[in-house]
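# An overview of the molecular structure
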Amino acid sequence: MNVDIQSLETFNQLAREGAEQATASMTQMTGIEADVEVTKLSLVDRQDIGEELGEHEFVGVQFDYEGELAGDTVLMFDRDCSTSLVEALVGSADSESMARSGVKEIGNIMMSGFIDGWANYLGATIDHSPPTYIEGDGRAVLPDVPVGDNTDHVFVFKSRIEWTDESVEFYIYMLPEYEPLTVLMAEHVDTEDDAIPVDKLEVFNEMTRQGTETAAENVTMMAGIETEAEVSQISFAPITDVPKQISNETYVGTVVEFTGIPSGYLMVLFDELSARNVAEAMMPIEVESEALTDQHESAIKELGNIMTSGFVDGWANVLQAAVDHTPPRLVHDMGQAIIDPLVAQVGRQQEHAFIVESTMRTDDIEFEAEIHALPNEQELREALDELQAERAEQTDADPEEIFQG
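Okay, so let's go over this structure. Since the model is a prediction, treat every value here as computed from it, not as a measurement.

### Here's the deal with the nonpolar core
One finds W118, F270 and M307 to be the most contacted residues of the largest nonpolar core, which totals 91 residues. Inspection of this core shows a minimum of three residues originating in each of domain 1 (2–190) and domain 2 (197–391). Contact partners of M307, with chain neighbours within four places excluded, come to A215, V219, V268, F270, M360, A369 and I371. In this structure, I239, I246, L342 and A353 belong to the second largest nonpolar core, which totals 18 residues.

Shown next as structure tokens:
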């Protein structure tokens, strides 16, 4: 089954318009101004859904829906955020029952508009259940995704909404059943020239997971820190939303440009504490400094290079193509300042982008690393067109043969 860029753009825009309608309904009810910051469509392994939510405590509402589309939609608020919303709506959130009732009332109106927008576009009826109040930490707040459809992957629409005057976020997750959604997207394919086989997107996502695992193994080898890959996904979003995929905290890491099919950019990013911890684990002597020294930066540059190699080697082997890259460039800046110039380069040729995202962590020390790849959209389609799905497991690669730095 094939989907094309136009259908991905259309359905992503539908999700964004639904989120904007839901946010406008909230503002009308409460007087609290908010903006939709990011909406993206992600292809995610079922076991990774919601990992990016961390361990924050959320409350919200859940709907199930059926018809032309079927699945679940979840609106979730940070618990402190929900208290402010309920107080704005009913004047007080002192009692648990009043707080729950307020969240359900806000959620019902917000999400009815969200689902109705999809039904209007599709010219079909989509029925949804009454809202169910939910609460939980991180991914526990999300419903279980049904197993089936002969795939380990699921498409997820995610919107992040921020209050205008405060640094508060809430989220809308739409979890459609895989087969009805892909059938609908396939029906909106304008031309087979732009079409992407969905099963090959899944293979590419699995390549990303395995590449992240290889990069984690390289961290373990170089730094002696037992590191595990946590999340991998391929997302699709307007090019203007891409910088917002990365937190605006300060990062230390490396950026490389890779060429071939596909070409693009790859970033390996550490928060400052993680960068210091992993760099010192690699150093032969202890460094007496709270700030990042030249030795720290040299170690991060070396580690970024070997992580990049581990990540991309698997791509090259499965795609049976050499991948060249520039020497790693050290970056130390806020996240959006790092990615903005890369997005500007990619945005010269395309209005939407695929973003490859992975994270890795360890329990040994405070350490987290993110890998973000921004491939050229057209060249990624070409690579997927040539991809032989049966080579998906062949990601063990010899860097001397297929990776030139």
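### Notes on the packing of aromatic side chains
With the rule as written, the count across this model stands at five aromatic pairs. Between the aromatic rings of W118 and F157, the centroid separation amounts to 5.3 Å while the plane-to-plane angle is 70°, which identifies the pairing as edge-to-face. A residue pair is termed long-range when its members are at least 10 positions apart, and W118 in helix α3 (residues 96–122) and F157 in strand β7 (residues 153–163) qualify at 39 residues. On the basis of an interplanar angle of 55° and a centroid distance of 5.1 Å, the ring pair of F236 and F354 is categorised as tilted. Residue F236 is found in strand β10 (residues 228–238), and its partner F354 is found in strand β15 (residues 352–361); the two are separated by 118 residues along the sequence. Residue F354 is classed as buried on the basis of its relative accessible area, which comes to 3%. One aromatic cluster in this structure is built from F11, W118 and F157.

### Quick notes on the layout of surface pockets
Roughly 1300 Å³ of internal volume is contained in the largest pocket. Along the wall of the largest pocket there are 43 residues; nearest its centre are E52, R160, Y171, Q245 and S247. Of all the secondary-structure elements, those providing two or more residues to the lining of the largest pocket are β2 (34–45), β7, β8 (169–176), β10, β12 (264–271), β15 and β16 (368–375). Among the residues making up the lining of the largest pocket, the classes are represented as 13 nonpolar, 13 polar and 17 charged.

Thresholds applied
Residues numbered from 1 in each chain as written. Predicted model: local features only at pLDDT ≥ 70, side-chain atom pairs only at ≥ 80, totals over all residues. Heavy atoms only, no water. Core = buried A, V, L, I, M, F, W, Y, C linked by side-chain atoms within 4.5 Å. Buried < 20%, exposed > 50% of the residue type's maximum accessible area, 1.4 Å probe, protein only. Domains from an automatic or database assignment. Contact = heavy atoms within 4.5 Å. Phe/Tyr/Trp six-rings, centres within 6.5 Å; stacked < 30°, edge-to-face > 60°. Helix = DSSP H or I, 4+ residues; strand = E, 2+ residues; numbered from the N terminus. 1 Å grid on protein atoms, 1.4 Å probe; cavity = no way out; pocket = protein on both sides within 12 Å on 5 of 7 lines; lining within 4 Å. Points joined across faces, edges and corners; volume = space filled by probe spheres on them. Nonpolar A, V, L, I, M, F, W, Y, C, P; charged D, E, K, R; others polar.

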